[in-house]
Amino acid sequence: MTTIAAVPFLYNFDVAATALVIIDMQRDFVEPGGFGETLGNDVSLLQAIVPACQAVLAAWREAGGLVVHTREAHTPNLSNCPPAKRNRGAPTLRIGDVGPMGRILVAGEPGNQIIPELAPAAGEIVLDKPGKGAFYATPLHEQLQANGITHLLFMGVTTEVCVQTSMREANDRGYDCLLLEDCTESYFPQFKAAAVEMMRAQGAIVGWTATSAQLLAALEGMRQARPQPG
Ligand code: C5J
């Protein structure tokens, strides 16, 4: 068991029972020329978290923890994109329309891929989700249960939309969730700040928050405590 001095109080976790969940670090949200930018957003805000996410992913892999990558993705015939979702957003570029990186939020399109810096490795779970939450209409809960997972560490984008929705869904399913504050971002800094505050308020009503440096220090402490070969 490892402990992080998280907010609002200590977060205890066992790597073997914990998954790192990386929400929607897709080209369309993060890269210039993608869906996010065409909606008028400044993607440099999201790009700024990539190095911290990379450091956590590398350390988590080294520790042997389970990794889950999600993509907001719809089938090419849009059968899992209800009109109520498609008809909102920018009228000029809706889900399924052809954008600068292929069809917007459609599985298999270039913009739908996870950014190369955080590309999934063999054996990691890659989950296409039609909703904002990672549990809605996906096998995620069953996959986590099959792996004995009770704790989830979250990073990704955007904080107040897909990250917050997924963390709330996880909390309602009984997982102890921690959000890595500097590994999540929004196009709207005030929305990120509010989402972070509301998740850890009222005695961690949705979960805990901590920095990537705190997690990396905890993992390094574990690494040093491991018996050395020979
Ligand atoms: C949004 C997401 N913001 N991944 N998706 O539409 O947060």
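Remember, it's a predicted structure, so these values are computed and weren't measured experimentally.

Asks: For this particular structure, what's the right way to read the nonpolar core?
Replies: Note that soluble globular proteins tend to have their nonpolar side chains buried in a common cluster. Counting residues in hydrophobic clusters, the biggest one holds 46 residues, and the most contacted among them are Leu20, Met25, Phe29, Trp60, Met155, Leu178 and Leu215. Contributions of two or more residues to this core are made by β2 (11-13), β3 (18-23), α1 (27-30), α4 (50-63), β8 (151-157), β9 (176-185), β10 (208-210) and α9 (212-225). For this core, the leading source of residues is α4, giving eight residues. In contact with Leu20, not counting residues within four places along its chain, are Val56, Leu57, Trp60, Leu66, Val67, Val68, Leu153 and Met155. Core analysis: the next-biggest nonpolar cluster, separate from the first, contains 25 residues, Ala134, Leu140, Ile149 and Tyr175 among them.

Asks: How do you make sense of the packing of helix α7 (residues 159-172) against helix α8 (residues 189-204) when you look at a structure like this?
Replies: What describes two packed helices is the angle between their axes and the distance between those same axes. Across the interface, α7 lies against α8 with an axial gap of 10 Å and an inter-helix angle of 15°. Classified by the interaxial angle, the pair formed by α7 and α8 is roughly parallel. In this structure, α7 meets α8 at a crossing whose hand is right-handed. Only Phe191, Lys192, Ala195, Val196, Met198 and Met199 of α8 make contact with α7, whose side of the interface consists of Thr159, Glu160, Gln164, Met167 and Arg168. Taken together, the residues of the contact of α7 with α8 break down into six nonpolar, two polar and three charged.

Asks: Help me understand the UniProt feature "domain: Isochorismatase-like" (unreviewed entry) in the chain in this model?
Replies: Taking the UniProt record as the reference, the feature "domain: Isochorismatase-like" (unreviewed entry) is found at residues 18-207. Structurally, residues 18-207 is divided into 35% helix and 21% strand, and its ends, taken at the C-alpha atoms, are 14 Å apart.

Reading the values: the criteria
Residues numbered from 1 in each chain as written. Predicted model: local features only at pLDDT ≥ 70, side-chain atom pairs only at ≥ 80, totals over all residues. Heavy atoms only, no water. Core = buried A, V, L, I, M, F, W, Y, C linked by side-chain atoms within 4.5 Å. Buried < 20%, exposed > 50% of the residue type's maximum accessible area, 1.4 Å probe, protein only. Helix = DSSP H or I, 4+ residues; strand = E, 2+ residues; numbered from the N terminus. Contact = heavy atoms within 4.5 Å. Axes fitted to C-alpha atoms, helices over the stretch in contact; angles between N-to-C directions. Parallel < 35°, antiparallel > 145°, perpendicular 65-115°, else oblique. Left-handed = near helix turned anticlockwise from the far one by under 90°. Nonpolar A, V, L, I, M, F, W, Y, C, P; charged D, E, K, R; others polar. UniProt positions renumbered as here; feature names shortened; annotations may be inferred.

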